[in-house]
Amino acid sequence: MTADGDDVPRLAIGLPVARQVYGPGEHAQILDMARAADEAGIDTLVATDHVVMGERFDRYPFGPFRFSYGDPWLEPLTTLAAIAGATRRVRISTGVLIAALRRAPLLAKTAATLDVLSGGRLELGVGTGWQPEEYETMGLDFDRRARLLDDTVAACRALWTPGATTFASETISFDRIWCDPQPTRPGGPPILFGGPLTKRNVRRVVELGDGWIPIMGEPADGVAAGTARLREALAEAGDPDRPLRVRHSPPVVRHNGTADLDRTLDGAGALLEAGATEILLPLGAFVSEAKEAPSWVTELGRRWARLW
C-alpha cells in the first residue's frame with residue numbers, strides 16, 4: 001500500500017528525449033508506444049521540456065549533461081496532445097515544464113484545451129529550468145525565474161476559475177479577463193513542483209500545487225524527509241488531510257552494462273514507503289530502438305501488475 005493509502009501505486013513512463021530511442025524520422029512512432037502503454041495499464045506518460053538549447057552545458061547543476069545541442073527535443077504539450085488523441089485512458093503529464101517560458105494566459109488556454117480534449121487526463125509538472133539561454137531567448141530575466149514561475153502558475157490558477165478574472169503580481173496583471181474553456185477539474189489540472197524542497201518550493205506546493213517531483217537521484221531517505229516536511233507544512237496551513245502527490249524514479253540498476261528492469265523495480269518499494277505515490281521509469285534507460293518500445297512497455301505493465 002502506498003503512503004497515500006492507494007492499494008496499487010501509479011506507474012509512469014518518462015518519454016525519451018533528444019535521440020534516445022527514436023532516431024531521425026522515427027519520432028511519430030512514439031504514438032505506437034503510447035498506445036501500448038494505454039493498453040498495458042500504465043498510469044501516466046511524462047514529457048520533459050527544453051524550448052531551446054545553449055552550448056554551456058557546464059552550467060548543468062546535476063552532473064554531466066548527457067545530451068547536446070542539435071538533439072531534437074519535442075515540445076511537451078504538443079507531444080502530449082498527439083498522445084491524447086491516440087489513447088483513451090493513460091494520463092499525460094509534463095515533468096518538468098519550464099512554465100515561465102510560456103506567458104500565463106497562453107499556457108492556461110493551452111493546458112485547459114488539452115485537458116478538455118483528453119477527458120481530464122492532463123497534469124503539469126513544472127519547474128524553473130537551469131539554462132539562462134532559454135530565458136534570454138524569450139526576452140525574460142533568468143535571475144527572476146523563481147518569481148516568474150510563481151506568478152505564471154498563480155495566474156493560470158486564477159484563469160482556471162469561472163467568470164471574469166482579475167489578477168495582479170510583479171510580472172503579470174490583468175483585469176476582468178475571461179479564459180475559456182475551463183479545465184475539467186475545478187482550479188485546473190493537478191500541478192507538481194519539481195526540484196529541491198527549498199522554503200519557496202514548499203510554499204509553492206502548499207499554496208499552488210498538488211505535489212512534488214524530487215530532484216533526480218534523490219534517495220529514499222530524502223524523499224521521506226521531504227514528504228514529512230510537506231505534510232507538516234500542509235498541517236500548518238490547516239489542510240492536513242489534503243492528498244499529496246510525489247512522483248520519483250528508483251535508481252536504474254545495471255547488470256553486465258544493461259539496465260535490469262526487475263532489479264530496478266525492486267527499488268520502488270523503498271520509495272513508496274518513503275512517501276512516493278507514483279514511480280517513474282525512463283523509457284530511454286531500458287530501450288534503445290523504436291521498434292522495441294511497444295513490447296517493452298507491454299511487458300512492464302505485466303510485471304508491475306504482478307507486483308501488486
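Below, the structure is looked at part by part. Note that this is a predicted model, so its numbers are computed, not measured. (Residues numbered from 1 in each chain as written. Predicted model: local features only at pLDDT ≥ 70, side-chain atom pairs only at ≥ 80, totals over all residues. Heavy atoms only, no water.)

Take Pro186: it is sitting in the loop between β6 (173-177) and β7 (191-194). Along the chain, Pro186 and Ser249 lie 63 residues apart, while their C-alpha atoms are 29 Å from each other. (Helix = DSSP H or I, 4+ residues; strand = E, 2+ residues; numbered from the N terminus.)

Right, let's get into the side chain of Glu133. Of note, Glu133 is situated in helix α4 (residues 132-137). Owing to a relative accessible area of 17%, Glu133 belongs among the buried residues under this scheme. Other than its neighbours up to four places away in sequence, Glu133 contacts Val52, Gly54, Glu55, Arg56 and Arg59. (Buried < 20%, exposed > 50% of the residue type's maximum accessible area, 1.4 Å probe, protein only. Contact = heavy atoms within 4.5 Å.)

What follows is about the sheet that holds strand β9 (residues 245-248). Within the closed barrel, the eight strands sit side by side as β1-β2-β3-β4-β7-β8-β9-β12. Their pairing is parallel. Going from strand to strand, the sheet's axes swing by 25 degrees on average, the running direction of each strand aside. In terms of strand pairing, strand β8 (residues 211-213) meets β9 through two bridges, oriented parallel. Bridge pairing links Gly211 to Arg245 in β9. With respect to the sheet, helix α2 (residues 76-86) is in contact with β2 (44-47), β3 (91-98) and β4 (122-127), its orientation differing from that of β3 by roughly 175 degrees. Along the sheet face, helix α7 (residues 220-236) touches β8 and β9 and points at about 155 degrees away from the line of β8. (Pairing = 2+ DSSP bridges. Axes fitted to C-alpha atoms, helices over the stretch in contact; angles between N-to-C directions.)

Attention now moves to the pairing of β3. With four bridges connecting them, β2 and β3 associate as parallel partners. Bridging from a neighbouring strand, Val46 pairs with Ser93 of β3. Assessed by its sense of winding, the connection that carries the chain from β2 through α2 to β3 is right-handed. Here β3 pairs with β4 via five bridges, running parallel. Paired with Thr94 across the strands is Leu124, a residue of β4. (Right-handed = clockwise from strand over helix to strand, strands pointing away.)

Glancing now at the packing of aromatic side chains. One pass over the structure, following the stated rule, counts 13 aromatic pairs. When the centroid spacing of 4.9 Å and the interplanar angle of 65 degrees are considered together, the rings of Tyr60 and Phe65 count as edge-to-face. Across the pair, exposure class does not vary: Tyr60 and Phe65 are buried alike. Aromatic rings pair up to connect Phe57, Tyr60, Phe62, Phe65, Phe67, Tyr69, Trp73 and Trp130 into one cluster. Cation over ring: Arg145 sits above Phe142, and NZ or CZ is 3.9 Å from the ring centre. (Phe/Tyr/Trp six-rings, centres within 6.5 Å; stacked < 30°, edge-to-face > 60°. Lys NZ or Arg CZ within 6 Å of the ring centre and 35° of its normal.)

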